[in-house]
Every structure is written in structure tokens, then in C-alpha cells.
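As a plain string of letters, each chain reads:
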Amino acid sequence: MSTIDNIPVRHEPPTAEAGSKRSNPLAHVFDELVKFCRSRSLFMLHYCTGCGAIELPPAMTSRFDMERLGIQPMVSPRQADILLITGYVSIKTLKRVILTYEQMPAPKYVIGICSCTVNGGMYWQSYATAKVLKEYMPVDMYIAGCMPRPEAVISGLRELIVDIKSGRADAWKRYYQNYDYYLGNQQKLFGDNWQTPTDVIAEARHYGLLTEQTLGEHTALLEKHQRPLQALEMRLTKKEKQEL
Amino acid sequence: MSKELNIWLDNLLEDIESVQFQRKSSRRVRVDVASEALPALLELLQGHASYVHLSAISCVDWIDDNEFELVYHVWSYETRSLVSAHTRIPRDPGVYLSIYDLYQPAAFFERDIHEMFGVYFEGSPDMEKFILTEWEGPPPMRKEFDSEAFVNETFTWEQYHPQWLKDIEEEGGGITTRPEDVR
């Protein structure tokens, strides 16, 4: 997990039979259909972190028009598929990014735009920014550049579509499979009593992705101080009742 | 009117002994003043010379002189000119008077300087943490705080040397100035 070579950047489109030797021609039809539909209807979370966000309005709107690829902005993480990290992430922001990421329903895809998400970019000396994004959450694709132009963003998103269609974009599974690693890096930065409202281990169990690396010393530390989630109490206050 | 006010102000400031006065251009004045005289100068500028807008307070850490330099930028809409009042305070204990009673926006700048440099402003309404609410280290803009050492200690380094860059370097191109060359 330490070299840049591991970053899944692909240039050649995959061949039609890549990794799917099937005996029954109808066996995977439904899977293929689901993958196709998934890749052609992507909702991109409207959450921007750094300067790279300025390239998204032209990419989304009429000039470059992301919507012709089926990609639309979405306001809520609960209904989004793609999390774009557009530029440097300060440590404060990273906490919010992780909360947001964990709230998104699987399958979810993370794209790191700009050099800053790779290794800190021009802010590598700053005390305030987190440097290597993939230490804290799995990243499907990086679009390097400072900043990448809308053409580069769109070409990256097209490659993501190809990856989703061929089933290669499965970084979200790694978060569940190696949760202990990611949580350890998060704890190193945020302190030992770091806790998110999402129960990632239960979700990993739900998706059937619980592996040996999911649990470890860091999750044990989390369980020590983790408070169970409780529903928020919702009731009218006295004052509101009187008004009604 | 506005020109007269400028001339009047120039003459006045030149006459005051403890004030070093420099007119940089028709719209900029630099004033160096002792720290105990600064509130009086700002009161004069605001009350009698129409400098009602505090644009910013900036702080410079002169670690070799063991001093902080505070720069108060005040703007006049009438004369359309900016006065930068420079003053120096000792780095230790780094305590100065707030000008909140003269200019209320000062609370914002003073809180920021307190957070970034650790200068305490007496009489400022709020000296709590401002932006770095989740930061527990020393004030990060002080010169003795080594940001690079902090980063090397806290974060891992990720080398970015992809194939396309290697190809360019083989042809004689690539990065011309490396960070270590300019430091």
C-alpha cells in the first residue's frame, strides 16, 4: 500500500471477454445488466474540498456537460455514488470526508482529483493538510494535475465508467476488508478516541466482506470507547406546542 | 477637501516626535510608532481624520530581534488612502492592548493572530480558538514552529514518479527546479 504504482489508473479499454469465461450465455446477463445500469447512472456528491472544485462547474454544465455520460450532482451522501475529493484535504475536513464516505451506500467510488490528494501536492509542508488520501479511505482513481482541466476530469470519469462496467472499480470493498488499516491511520491523525457514527464492522458483516484484516488492534481500541448509536429524540418542545 | 486633509495629516504626523512617517504614494502612508502610542494614534486617525475602516491587522514574527511586528491597516473613504501603522512588541510575553473599543472588527483579527502567533490581546472580547479548533500544537505561524519537521513526523511521504514523467526525463526534460535546490 505504499507505492504509487498501486493506484488503479487504466488507459486501455478492457476487452469484452475480460475475466468472464462463461459456460451458460445467460448466466451473467442479469449481473451485466446491473453493472451497465450502475455505470450509466452515477450520482456525484456535491462536496468539494480544495481549489480543484472550480473545475467542476464547467465540467458539469453546458460547456463540457457531464450529464451526457449520466453523471449528475447530488446533494446528499445517502443518495450518491461518487465522492470526488477535489484538492487538498485539511485534517479538519478529512474527518468530515470520512463521515461522508461512510454514510454513502455501497457500491461507492472515490476519485482523488489534483496532485494534493496523491501526496500533498504544493501543500506538502503544511501542518494543516492530510497528505496521502488513500491511507484514510480506498481511492478508485486519481486524476493528477494542478488542477486537471475539465477534459481530464471527464476522461477520468469515463474510465471510471469502464471500470464499473467491467467490475474492476471495487475499492469500496477494500474499506470493509482492511478496515483496521484505515482506522489505524485515522486514529493516528485524529487521536485514539476517534469514532464515526457508522458501524463499519456491522456493515462489513452485512456485505459479507468481513476478513481477517477487518478486525485488529485498532478496532479493538475503537470498541473500548465506542458509544452505541441511538436514535435522536424527536419531540415538540413546550413552546412549539403552545404555538400549535 | 480630501487633499487638504491629507496635507494636514502629513504635517501633523511629521511633527510628532515618536512617530516615523513615510508617504509611499498618494494613497499609502507608512507610520512606525512605539507600542504605547499606537492606540492614541489610531484614535486620532479614526476620530479626527476619517480613517474609519480597519482593513486588517497583520503580524510578523521577527524571531532574531525577539519581537512581533503588528501592522494596523486603516482606510479612509474621504481621502481614499491607507495608513499602515507599524509597531513592535516584545515576543515574550507577547501581550498587547486590544483596539476593540475603537474598531470592532479588530476582534476578528486579534482572535486570528492570537491563534496563529499566540499574541494575547488584553480587552479583546474573545480569545478562544477560531479556525484551528482541532489543533493542539503550538501556534503554527510562529517561526520556531518547524512545519516541515512536523509533517515529516506526522505523515508518510508518497513518491510520485510515474512512467510518463520518466519518459520525459529520458528525452532531457522533466522537473527543472527541485524544491531542495531553492531552499
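The shown structure was predicted, so the numbers you read here are calculated from the model rather than taken from an experiment.

A look at the overall build of chain B
Working step 1: Counting secondary structure elements, chain B contains six helices and seven strands.
Working step 2: Mapped in sequence order, the helices and strands of chain B form the string α-β-β-α-β-β-β-β-α-β-α-α-α.
Working step 3: Taken over C-alpha atoms, the radius of gyration comes to 22 Å for chain B, far larger than the 16 Å a tight globule of 183 residues would show.
Working step 4: With respect to the principal axes defined by its C-alpha atoms, chain B has extents near 65 × 40 × 30 Å.
Working step 5: Taking all 183 residues of chain B together, the buried fraction comes to 22%.
Working step 6: In chain B, the share of contacts with a sequence separation of at least 24, taken over all contacts with a separation of at least 6, comes to 52%.

So, the interface of chain A and chain B
Working step 1: Counting from both sides, the interface comprises 12 residues of chain A and, opposite them, 13 residues of chain B.
Working step 2: Listing elements by their share of the side of chain A that touches chain B, those giving two or more residues are α3 (91–103) and α4 (116–119) of chain A.
Working step 3: For the side of chain A that touches chain B, a count of residues per class yields six nonpolar, three polar and three charged.

A closer look at unusual backbone geometry
Working step 1: Here Cys146(A) and Met147(A) are connected by a cis peptide whose omega angle stands at -5 degrees.
Working step 2: Assignment of secondary structure puts Met147(A) in the loop between β7 (141–143) and α5 (150–166).
Working step 3: A cis amide bond links Asp92(B) with the next residue in sequence, Pro93(B), at an omega value of 10 degrees.
Working step 4: Structurally, Pro93(B) can be placed in the loop between β5 (81–90) and β6 (95–97).
Working step 5: Its identity as a non-glycine residue notwithstanding, Ser50(B) has a phi of 65 degrees, on the positive side.
Working step 6: Phi is positive for Arg80(B), close to 50 degrees, though the residue is something other than glycine.
Working step 7: Looking at the secondary structure, you find Arg80(B) in the loop between β4 (67–76) and β5.

Notes on the pairing of strand β2 (residues 28–33) of chain B
Residue and element names in this part refer to chain B.
Working step 1: Residue alternation in β2 divides its side chains into a buried set, Val 29, Val 31 and Val 33, and an unburied set, Arg 28, Arg 30 and Asp 32.
Working step 2: Relative to β2, strand β1 (residues 19–25) runs antiparallel, the two being bridged by six bridges. Looking at the pairing, Gln 22 lines up with Arg 30 of β2.
Working step 3: Between β1 and β2, which pair antiparallel one after the other, the connecting turn spans two residues.
Working step 4: With five bridges joining them, β2 and β5 adopt parallel strand pairing. Its bridge partner lying in β5, Val 31 is registered against Ala 85.

Side note on the nonpolar core
Working step 1: The biggest cluster of nonpolar side chains holds 53 residues, and the ones touching the most others in it are Ile82(A), Leu83(A), Ile85(A), Val110(A), Ile111(A) and Met137(A).
Working step 2: Here the element with the most residues in this core is α5(A); it accounts for five residues.
Working step 3: Split by domain, the residues of this core number at least three in each of domain 1 (19–169) and domain 2 (170–227) of chain A.
Working step 4: Sequence-distant contacts of Val110(A), that is, excluding residues within four places in its chain, are made with Leu83(A), Ile85(A), Tyr101(A), Met137(A), Pro138(A), Val139(A), Asp140(A) and Ala171(A).
Working step 5: Judged by nonpolar contacts, the second largest core, of 29 residues, contains Val31(B), Leu38(B), Ile99(B) and Ile113(B).

Some remarks on the domain arrangement of chain A
Residue and element names in this part refer to chain A.
Working step 1: Per the domain assignment, the segments making up chain A are domain 1 (19–169) and domain 2 (170–227).
Working step 2: Each of domain 1 and domain 2 has a C-alpha centre, and these two points are 22 Å apart.
Working step 3: Of the residues lining the interface, 21 residues belong to domain 1; the matching set on domain 2 comes to 14 residues.
Working step 4: Listed by contribution, the elements that provide at least two residues to the side of domain 1 that touches domain 2 are α3 and β5 (109–113).
Working step 5: Tallying contributions element by element places α3 first for the side of domain 1 that touches domain 2, with six residues.
Working step 6: Among the residues forming the side of domain 1 that touches domain 2, the class breakdown is 13 nonpolar, two polar and six charged.

Topic: the confidence of the model for chain A
Working step 1: For chain A, per-residue confidence averages 85 on the pLDDT scale, and residues scoring 70 or more make up 86% of the total.
Working step 2: Predicted confidence in chain A is weakest over helix α10 (residues 238–243) of chain A, with a mean pLDDT of 63, and strongest over β5(A), with 93.

Focus on the environment of Cys114(A)
Residues and elements named next belong to chain A.
Working step 1: In this fold, Cys 114 is placed in the loop between β5 and α4.
Working step 2: Judged by the 25 C-beta atoms lying within 10 Å of it, Cys 114 is buried.
Working step 3: Between the C-alpha atoms of Cys 114 and Asp 163, which are 49 residues apart in sequence, the distance is 20 Å.

Overview of the pairing of strand β3 (residues 82–86) of chain A
Residues and elements named next belong to chain A.
Working step 1: With respect to burial, β3 is a largely interior element, five of its five residues being buried.
Working step 2: Of the two faces of β3, the one carrying Ile 82, Leu 84 and Thr 86 and the one carrying Leu 83 and Ile 85 are both buried.
Working step 3: Where β3 lies against β5, five bridges are found, and the strand directions are parallel. Counterpart to Thr 86 in the pairing with β5 is Ile 113.

Some remarks on the environment of Lys166(B)
Working step 1: On the secondary structure map, Lys166(B) appears in helix α5 (residues 163–170).
Working step 2: Separated by 108 residues in sequence, Lys166(B) and Ser58(B) place their C-alpha atoms 44 Å apart.

Points about the sheet that holds β4(B)
Residue and element names in this part refer to chain B.
Working step 1: Taken in spatial order, the five strands make up an open sheet running β1-β2-β5-β4-β3, and their pairing is mixed. Either end of the sheet is taken by a strand with one partner, and the two such strands are β1 and β3 (53–62). For this sheet, the mean inter-axis angle between neighbouring strands, taken without regard to orientation, is 20 degrees.
Working step 2: Pairing of β3 with β4, which is carried by nine bridges, proceeds in the antiparallel orientation.

Side note on α3(A)
Counting along an α-helix, one turn takes 3.6 residues, and residues three or four places apart therefore face a common direction.
Residue and element names in this part refer to chain A.
Working step 1: End to end, α3 covers 19 Å across 13 residues, agreeing with the expected 18 Å (1.5 Å per residue, within 8%).
Working step 2: Along α3, the residues that are buried comprise Leu 94, Val 97, Ile 98 and Tyr 101. The arc that holds the buried residues of α3, viewed along the axis, is 100 degrees, so those residues lie on one side.
Working step 3: On its buried face, α3 sits against β3, β4 (89–90), β5, β6 (129–130) and α7 (179–190).

Reading the values: the criteria
- Residues numbered from 1 in each chain as written.
- Chains lettered and ligands numbered in written order.
- Predicted model: local features only at pLDDT ≥ 70, side-chain atom pairs only at ≥ 80, totals over all residues.
- Helix = DSSP H or I, 4+ residues; strand = E, 2+ residues; numbered from the N terminus.
- Rg over C-alpha atoms; globule rule 2.2 N^0.38 Å.
- Buried ≥ 20, exposed ≤ 12 C-beta atoms within 10 Å, placed from the backbone.
- Contact = placed C-beta atoms within 7 Å.
- Nonpolar A, V, L, I, M, F, W, Y, C, P; charged D, E, K, R; others polar.
- Pairing = 2+ DSSP bridges.
- Core = buried A, V, L, I, M, F, W, Y, C linked by C-beta atoms within 7 Å.
- Domains from an automatic or database assignment.
- pLDDT = per-residue confidence, 0-100.
- Axes fitted to C-alpha atoms, helices over the stretch in contact; angles between N-to-C directions.
- Expected span 1.5 Å × (residues − 1).
- Arc of directions from axis to C-beta.

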